[in-house]
Amino acid sequence: MRWTAVAVVTGGLAALVAVPMPAQAAAGCPSAPESGGLVKNQITDTPWAQKLLPLAEAQEKADGHGVKIAVIDSGVDTTSPQLAGQAVPTVDLTGTGRRDCVGHGTEVAGIIAAKPKMSLFVGVAPGARIIPIKYAATATNNDDRLLVKGIDEAVRRGAQIINISSETHTDTPELRQAVTRAQNANILIVAAAGNVNPKKGGSPTPSYPAQYSGVLSVGAIAQDGQVTQFSNTATRVSVIAPGKDILTIAPGGGYIVKGEGTSFATPFVAGVAALVKQTHPRLTAAQLKQRIEATADGQKGAGSGYGVVNPLAAVTAVIDPNTPLAPAPEPGSVRLAVADKPDPAVRNTALGIGLGGLGLAALVVAGGVLIPAGRRRGWRPGWVTQQRRAD
């Protein structure tokens, strides 16, 4: 298992003084947070992702209140001001304690549930309740078996949505069965489609658990609204969300700009799922997934699924949950709007009907002229005026 984040900062969202990443190495943690990024102590502008979606309008309708979201990750720093009170105590599966040794889980939780009215940054579903499940103590070489335990733990803890911002390219029976158990418990799993590095070449392969049927798989877009080069198009994608130059909560305080990763796109969609679950509590996990897909803002080529997640439409649109969606494009393909080749039989039939209609119209017009004239003459023959041709 590896994180779907690349620790590269390509542009800031707020022109502020950067401070060093706070050291958090403690008993049980192998090192200080490892996920990288540029830390800021305040924000002077609303982050671009909040404007693009847009969140403010959706949060006038819902804030995710009462919805439980399990974040299976590296733990969550629940002492961060905008996350204080937003999460239950971390469930540690690693034996390294509850501290977020990587920082990744805190960043993901911030995107989902950071409290409002404390800064210009706010989580997608600030009323939701986070269940942090720590299955990773380092940024690399994490045990896939602990992810399986994490999914089962989320089921036991009563989660309604599970956010998995990590990937493995190994399809194991244990992982597949854990996903199935969660789905049978009516829990929606939202998972990162995974990252690829175009500079390294090679053919990308599907990421799990995002590739599994019934999982809401998330790809990434940049500020221009287009699918990023790093977003894994080999994985089946449901929807796409902001995943480049993302501002979120920094472990230990402040804010951090993350360079890129579908792992940061995933919590945007998990948060939207919480908004929908609050407003439509009777939806099953499958119907919840379908609603988010059906209200997405149009396909944008390979790896875009049904399009950009739309929180306002997902909450407010009138949709029959029993109406099946047309399949999204297969991984790596682009659906083009091309007119079907005309059927000659249909064309000839249409032509005949059209000509018949014209003939009938001509008769109606002629009748409208000749009948009144005949009545005026008492139906007697009329005079014909003979004209001479000019030679």
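Since we're looking at a predicted model, the values are computed, not measured.

The next point concerns the packing of aromatic side chains. By the definition in use, this model includes two aromatic pairs. Relative to Y255, the ring of F121 lies with its centre 6.2 Å away and its plane at 70°, an arrangement referred to as edge-to-face. Taken as a pair, F121 in the loop between α3 (104-113) and β6 (129-134) and Y255 in strand β13 (residues 255-260) lie far apart in primary sequence, 134 residues in all.

Time to look at helix α5 (residues 173-184). Between its terminal C-alpha atoms α5 stretches 16 Å, which fits the 16 Å expected from 12 residues at 1.5 Å a residue. What α5 keeps buried is the set L175, A178, V179 and A182. Around the axis of α5, the buried residues are gathered within 100° of arc, so they sit on the same side. N186 sits one or two positions beyond α5 and adopts a positive phi of about 65°.

Okay, the environment of K289 next. Here K289 lies in helix α7 (residues 285-294). Once the C-alpha coordinates of K289 and V215 are considered, the two residues, 74 residues apart in sequence, prove to be 8.0 Å apart. A distance of 2.7 Å separates a polar atom in the side chain of K289 from a polar atom in the side chain of E293.

This brings us to the packing of helix α4 (residues 144-156) against α5. It is at 9 Å that the axes of α4 and α5 come closest, and there the two elements cross at 10°. Here α5 runs roughly parallel to α4, going by the angle between their axes. Within the contact between the two elements, α4 uses L147, V148, I151, D152 and V155 and α5 uses E174, L175, A178, V179, R181 and A182. Among the residues forming the contact of α4 with α5, the class breakdown is eight nonpolar, no polar and three charged.

This part is about the sheet that holds strand β4 (residues 68-73). The strands making up a sheet associate through hydrogen bonds between their backbones, and the pairing can be parallel or antiparallel. Strand order in this open sheet of seven strands is β5-β6-β4-β7-β9-β10-β11, and the pairing throughout is parallel. The open sheet has two free edges, formed respectively by β5 (91-92) and β11 (239-242), since each of these has just one partner strand. In this structure, β4 lies alongside strand β7 (residues 161-164), joined through four bridges in parallel fashion. Bridge pairing in β7 places I72 opposite I164.

Attention now moves to the pairing of strand β9 (residues 188-192). Side-chain positions along a regular strand alternate between the two faces of the sheet. Counting buried residues in β9 gives five out of five residues, a clear majority hidden from the surface. Neither face of β9 is left uncovered, since the one carrying L188, V190 and A192 and the one carrying I189 and A191 both have all their residues buried. Bridge count for β7 against β9 is four bridges, and the pairing is parallel. Its bridge partner being in β9, I161 is matched across the sheet by L188. Bridge count between β9 and strand β10 (residues 216-221): three bridges; the pairing is parallel. Paired with V190 across the bridge in β10 is L216.

Looking now at the pairing of β10. Counting buried residues in β10 gives six out of six residues, a clear majority hidden from the surface. Neither face of β10 is left uncovered, since the one carrying L216, V218 and A220 and the one carrying S217, G219 and I221 both have all their residues buried. Pairing of β10 with β11 involves four bridges; the strand directions are parallel. Residue pairing in the sheet places A220 in a bridge with A241 of β11.

Calculation notes
Residues numbered from 1 in each chain as written. Predicted model: local features only at pLDDT ≥ 70, side-chain atom pairs only at ≥ 80, totals over all residues. Heavy atoms only, no water. Phe/Tyr/Trp six-rings, centres within 6.5 Å; stacked < 30°, edge-to-face > 60°. Helix = DSSP H or I, 4+ residues; strand = E, 2+ residues; numbered from the N terminus. Expected span 1.5 Å × (residues − 1). Buried < 20%, exposed > 50% of the residue type's maximum accessible area, 1.4 Å probe, protein only. Arc of directions from axis to C-beta. Polar contact = N/O pair within 3.5 Å; in protein donor to acceptor, adjacent residues only side chain to side chain. Axes fitted to C-alpha atoms, helices over the stretch in contact; angles between N-to-C directions. Parallel < 35°, antiparallel > 145°, perpendicular 65-115°, else oblique. Contact = heavy atoms within 4.5 Å. Nonpolar A, V, L, I, M, F, W, Y, C, P; charged D, E, K, R; others polar. Pairing = 2+ DSSP bridges.

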